[in-house]
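Residue-level structure breakdown
Each chain, written out:
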Amino acid sequence: MSHLKLDRVSAYYGAFQAVADVSLDIAPCSITALIGPSGCGKSTLLRTLNRLHETTPGARVTGQVHLNGQDVLDPATDPVEVRSRVGMVFQRANPFPTMSIGENVLAGVRLRGRRLSPRVAEQVVERSLRAANLWQETKDRLKKSGVGLSGGQQQRLCIARAIAVQPEVLLMDEPCSALDPASTAAIEELMVDLKADYTVVVVTHNLAQAARVSDQTAFMSVDRAGQPGRLIEHGPTTQLFNAPTEAATGDYIAGKFG
Amino acid sequence: MTETVTRQPLGAGSDEVALITTGAEAFSPPRRPTQDLALVRHRRHRRTVDRVMTVALASCAAVAAVPLLSLLWTTLSHGLSRIDPTFFSQSMRGVAGVGGGALHAIWGSVLITLTATALAAPIGLGAALWLVEYADRSRSLLTTGLARAVRTVVGVTAGLPSIVAGLFVYALIALVAGPGYRSGLAGAVALAVIMTPVVESACEEVLARVPGELREGALALGAPRWRCVTSVVLPTARPGVISGVLLGVSRVVGETAPLLLVAGFTDSMNLNLLDGRMASLPVYIYSQWQNKGVAAAAYDARAWSAALVLVVLVLALNLTARLSARWATRKER
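The residue count restarts for each chain, going from 1 along the sequence in the order it is written. For naming, the first written chain is A and the first written ligand is 1, with later ones following in the order written. Totals for whole chains, interfaces and linings use every residue, but because this is a predicted model, local features are given only for residues with pLDDT of at least 70 and side-chain atom pairs only at 80 or more, for both listing and counting.

1. Description of the overall build of chain B
Strands here are runs of E lasting at least two residues and helices are runs of H or I lasting at least four, both read from the DSSP assignment and numbered beginning at the N terminus. A tally of helices and strands in chain B yields 13 helices and 0 strands. Walking chain B from its N terminus toward its C terminus, one meets helices and strands in the order α-α-α-α-α-α-α-α-α-α-α-α-α. Here chain B, with 333 residues, has 36% of them falling under the buried criterion. What counts as a contact here is a pair of residues whose C-beta atoms, placed from the backbone, lie within 7 Å. Counting contacts in chain B only where the partners sit at least 6 residues apart, residues at least 24 apart contribute 75% of the total. Here a residue counts as buried when 20 or more other C-beta atoms sit within 10 Å of its C-beta, as exposed when there are 12 or fewer, and as partly exposed otherwise, the C-beta atoms being derived from the backbone.

2. Focus: the overall build of chain A
On a plain count of helices and strands, chain A comes out with 10 helices and 10 strands. Radius of gyration here is computed from C-alpha atoms only, and the compact-globule reference equals 2.2 Å multiplied by the residue count raised to the power 0.38. Relative to its length of 258 residues, chain A is compact, with a C-alpha radius of gyration of 18 Å against a globular reference of 18 Å. Along the first, second and third principal axes, the C-alpha atoms of chain A reach 55 × 40 × 30 Å. The proportion of buried residues among the 258 residues of chain A is 47%. For chain A, the proportion of contacts with a sequence separation of at least 24, taken over those separated by at least 6, is 68%.

3. Considering the interface of chain A and chain B
Taken together, the contact pairs 24 residues of chain A with 19 residues of chain B. Listing elements by their share of the side of chain A that touches chain B, those giving two or more residues are helix H2 (79-85), strand E6 (86-89) and helix H3 (101-111) of chain A. The element that contributes the greatest number of residues to the side of chain A that touches chain B is H3 of chain A, accounting for 4 residues. Basically, the charged four are Asp, Glu, Lys and Arg, the nonpolar ten are Ala, Val, Leu, Ile, Met, Phe, Trp, Tyr, Cys and Pro, and anything else, Gly included, counts as polar. Of the residues in the side of chain A that touches chain B, the class split is 10 nonpolar, 9 polar and 5 charged.

4. Examining the packing of helix H5 (residues 103-134) of chain B against helix H8 (residues 184-209) of chain B
Residue and element names in this part refer to chain B. Axis definition: a line fit to C-alpha positions, over the contact stretch in the case of helices; interaxial angles, taken between N-to-C directions, run 0 to 180 degrees. Closest axis-to-axis distance for the H5/H8 pair is 6 Å, and the angle between their directions is 35°. Both H5 and H8 take part in a crossing whose hand is right-handed. Of the residues belonging to the contact of H5 with H8, the class tally is 23 nonpolar, 7 polar and 3 charged. Crossing handedness: left-handed means the near helix sits turned counterclockwise from the far one by under a right angle, and right-handed means the same turn made clockwise.

5. Details of unusual backbone geometry
The phi angle of most residues is negative, glycine excepted, and most peptide bonds adopt the trans form. All names here are of chain A. Unusually for a residue other than glycine, aspartate 21 sits at a positive phi of about 50°. Within the secondary structure layout, aspartate 21 lies in strand E2 (residues 16-26). The exposure class assigned to aspartate 21 is partly exposed, which follows from the 15 C-beta atoms found within 10 Å. With phi around 45°, glutamate 174 is a residue other than glycine that occupies positive phi space. Mapping glutamate 174 onto the fold places it in the loop between strand E7 (169-173) and helix H7 (181-194).

6. With respect to the sheet that holds strand E1 (residues 4-13) of chain A
Residues and elements named next belong to chain A. A strand pair is defined by DSSP finding two or more bridges across the two strands. Here we have 4 strands laid out as an open sheet, ordered E2-E1-E4-E5, and antiparallel in their pairing. The sheet terminates laterally at E2 and strand E5 (70-71), the two strands that pair on one side only. Across 8 bridges, E1 lies against strand E4 (residues 59-67) in antiparallel orientation. Bridging from a neighbouring strand, lysine 5 pairs with histidine 66 of E4. Set on the sheet, helix H1 (residues 42-49) makes contact with E1, E2 and E4; between it and E1 the angle comes to about 115°.

7. Quick word on the environment of proline 37 of chain A
Residues and elements named next belong to chain A. For proline 37, the location among the structural elements is in the loop between strand E3 (31-35) and H1. In the structure, proline 37 is positioned 68 residues away from valine 105 in sequence and 33 Å away in space, judged by C-alpha atoms. When neighbours within four sequence positions are excluded, proline 37 is seen to be in contact with Ser221, Val222, Tyr252, Phe257 and Gly258.

8. What about the confidence of the model for chain B?
Residue and element names in this part refer to chain B. Averaged over every residue, the pLDDT of chain B is 86; residues scoring 70 or more account for 88%. Across the chain, each position has a pLDDT score giving the predictor's confidence in that residue, from 0 to 100. Looking at the elements of chain B, mean pLDDT is at its lowest for helix H1 (residues 2-7), recorded as 42, and at its highest for H5, recorded as 95. Interface confidence in the predicted complex, given as ipTM, is 0.91; pTM for the same model is 0.80.

9. Points about the packing of H3 of chain A against helix H4 (residues 118-131) of chain A
All names here are of chain A. At a minimum axis separation of 9 Å, H3 and H4 run at an interaxial angle of 105°. As the angle between them shows, H3 and H4 are arranged roughly perpendicular. Of the residues in H4, those in contact with Gly102, Val105, Leu106 and Val109 of H3 are Ala121, Val124, Val125, Ser128 and Leu129. For the contact of H3 with H4, a count of residues per class yields 7 nonpolar, 2 polar and no charged. When an angle is under 35 degrees it counts as roughly parallel; over 145 it counts as roughly antiparallel; between 65 and 115 it counts as roughly perpendicular; any other value is oblique.

10. Considering the pairing of strand E8 (residues 199-203) of chain A
All names here are of chain A. Of all the 5 residues making up E8, 5 are buried; the element is thus mostly covered by neighbouring parts of the structure. Residue alternation in E8 divides its side chains into two sets, Thr199, Val201 and Val203 and Val200 and Val202, and both sets are buried. Bridge analysis of E3 against E8 gives 4 bridges, and the strand direction is parallel. Counted as the bridge partner of threonine 32 is valine 201 from E8. Pairing of E7 with E8, which is carried by 5 bridges, proceeds in the parallel orientation. Among the inter-strand pairings, leucine 170 is bridged to a residue of E8, identified as valine 200. Considered for its hand, the β-α-β crossover made up of E7, H7 and E8 is right-handed. With strands facing away from the observer, any crossover in which the path from the first strand over the helix to the second runs clockwise is taken as right-handed.

11. So, the pairing of E7 of chain A
All names here are of chain A. Burial of E7 is extensive: 5 of the 5 residues sit out of reach of the surface. Neither face of E7 is open: one carries Val169, Leu171 and Asp173, the other Leu170 and Met172, and all of them are buried. Pairing of E6 with E7 involves 4 bridges; the strand directions are parallel. Among the inter-strand pairings, methionine 88 is bridged to a residue of E7, identified as leucine 171.

Structural data, given as structure tokens:
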């Protein structure tokens, strides 16, 4: 079971500090929601967990992120290896336009240079699409382009692509913010299914979504623009929503700012 | 309607001022005949200006198109006379006067241009890939400095007069093979010097347009950077890269000066790029025009026909490039 432990993580873009000193324990096989107002650094924090943050020119991270005891942020750790253990789904569905639906699902395997026999490849495609609740809709059009799917289907295709390589952790960066309510409900249902096998960390602007799907919630905030985002409070979702210990958390949940 | 309000002379009458300040009625003050006349005049003036400008701009567009259409028509009407089997099956070897063809020049152009493309396309694409995919994402000062230098050099080379490129290659080859050496390969190198910056800037633009989220998607799946480039970025950019290369080809296929310098001209077929003078269509046109023999009309006709072949070739390349780009954008949707 994949235990993710953040220890005083700070993230920078050049001279600007976006995230300051976040320490957080993320329980395995659960959904942890990161909430907070715009610009509080929650997406940045998420992107440090698979070392995608550092691909932005000038960006850097300090602190430690332990994944089953290994420090993800250690310069000696291979970021490519980290990313194959920590999958990610983005705000906007990004299926590869030159690949078919089936090829998209297999992209992670192939991009790591592994070859699969046609039979195994078929199994991986079916298993992943079933796990993403997309098999019924796509089983007859696996050879067609993924760009032809609806927004919600594209996002589920991206989830299938991420879990096809069987990561330990699945990061989701506002996965529903571009979707209609029906597609959102489908993704949320899927997230709850996924936590049986994966440790899910989801960034969301949608408080109701955080309340519906997550087990743990972490609230981040920022004093004012130009200041780094900080972790204000972290705890079981029901407790954080019903009886927050910090005044700022209560204000945010009540819609007083953000 | 607001126009009439602003045109209202201030303080023209106390009752009017009151009207203006009381709510909705203020926007439709009582019209006096003189004001209406001014309004009508203003509108008429505006309509006239609009019409004059439309006609003027449409004429500009027409004038811009006229030379091209005229050029196509002239080339077509003069050039068709020698578009015959002989023209495409014979060289000028031993021909004085009527007859003869441009087969050696067509082959020369094809070989030289293909070789130039084989040299310029990988270098141009490689440079663009390095700049967009690696240098722009690097935090090393050395790399970013080098990238800036490469961009400057490419920009300068793009504006290099083609005859200078020819002279440069002539001098370069004279160092190795001695003066007076001419070959198709030297011509191809000269064309590649002209073509590389064209391909590079076209590819750079196309690669920069590949959405960053596709790169992030590939990296987040655990792809090494090079595989993200070869499996995701390049396939996505491929139609644009093809059209960039074709634009580069159409840019150099009509180049005359550098080929005249380093590939020379011959009446005979020469398929060996490494040895001896090699004809090409632009140089063929020039030499037919310049060195008319006894039957001058036959030389003129051959020059025009070669010109027609060249124009059709360039148009076809441009069209393919455009179609390739359009096909790509359609597929993205």
